[in-house]
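# A closer look at the structure
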Amino acid sequence: RKPKWSPDGKNISYVSDGALWTIPASGGSPARISPEGWKIGAATYSPDASYIAVVRAEAPANGGVWVLKPNGSEPRQLVKADFSVYGGVDLAWGP
């Protein structure tokens, strides 16, 4: 769902079955990026491709907007929100 190209054009991220995946644009095997048990609703790369912002579609304690490194490390919650009923929320980076 909603594939996103990394700004450097090297990778494509996408959400499938509630998980965030990336695949090299040149081909290869997909890699799961989101931690096991997370339900991802949307994702987008930062302008410099150093982070991926995700909507974690869960109850408020864990739900909301998170950022993590493109390899899935260093997850950090930015906004707590109840996205347990995913309703078409999308993300975009701003200045």
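Whatever comes next refers back to the structure up there.
Predicted, not measured: the structure shown is a model, and the values here were computed from it.

Bringing the overall build of the protein chain into the picture now. Across its full length, the protein chain holds 0 helices and 8 strands. Sequence-ordered secondary structure for the protein chain, helices as α and strands as β, is β-β-β-β-β-β-β-β. A globule of 95 residues ought to have a C-alpha radius of gyration of about 12 Å, and the protein chain, at 12 Å, matches this closely. By its C-alpha atoms, the protein chain is 35 × 30 × 25 Å across when sized along the principal axes. Taking all 95 residues of the protein chain together, the buried fraction comes to 38%. Considering only contacts in the protein chain between residues 6 or more positions apart, those separated by 24 or more positions represent 32%. When the accessible surface of the protein chain is totalled, it reaches about 5200 Å², and 55% of it is carbon and sulfur.

Let us now look at the environment of tryptophan 66. By secondary structure assignment, the location of tryptophan 66 is in strand β7 (residues 64-68). A sequence separation of 37 residues divides tryptophan 66 from serine 29, and the C-alpha atoms of the two residues are 25 Å apart. Contacts of tryptophan 66, omitting those with residues within four sequence positions, involve Trp38, Ile52, Ala53, Val54, Arg56, Pro75, Arg76, Gln77 and Leu78. A polar contact is formed between the side chain of tryptophan 66 and the backbone oxygen of asparagine 62, at a distance of 2.9 Å.

Here the focus is the nonpolar core. Counting 11 residues, the largest nonpolar core consists of Val15, Leu20, Ile33, Trp38, Ile40, Ala43, Tyr45, Ile52, Val54, Trp66 and Leu68. Here this core gets 3 residues from one element, more than from any other, and that element is strand β5 (residues 40-45). With near-sequence residues (within four places) excluded, tyrosine 45 lies in contact with Lys4, Trp5, Ser6, Pro7, Asn11, Ile12, Ser13, Thr22, Tyr51, Ile52 and Trp93. Core analysis: the next-biggest nonpolar cluster, separate from the first, contains 9 residues, Ala42, Ala57, Phe83 and Leu91 among them.

Relative to the helices and strands, arginine 56 is located in strand β6 (residues 52-56). Residue arginine 56 is classed as buried on the basis of its relative accessible area of 8%. Not counting chain neighbours up to four residues away, the residues in contact with arginine 56 comprise Trp38, Lys39, Asn62, Gly63, Gly64, Trp66 and Phe83.

The rules we used
- Residues numbered from 1 in each chain as written.
- Predicted model: local features only at pLDDT ≥ 70, side-chain atom pairs only at ≥ 80, totals over all residues.
- Heavy atoms only, no water.
- Helix = DSSP H or I, 4+ residues; strand = E, 2+ residues; numbered from the N terminus.
- Rg over C-alpha atoms; globule rule 2.2 N^0.38 Å.
- Buried < 20%, exposed > 50% of the residue type's maximum accessible area, 1.4 Å probe, protein only.
- Contact = heavy atoms within 4.5 Å.
- Areas by Shrake-Rupley, 256 points an atom, 1.4 Å probe, with all protein chains shown as cover.
- Polar contact = N/O pair within 3.5 Å; in protein donor to acceptor, adjacent residues only side chain to side chain.
- Core = buried A, V, L, I, M, F, W, Y, C linked by side-chain atoms within 4.5 Å.

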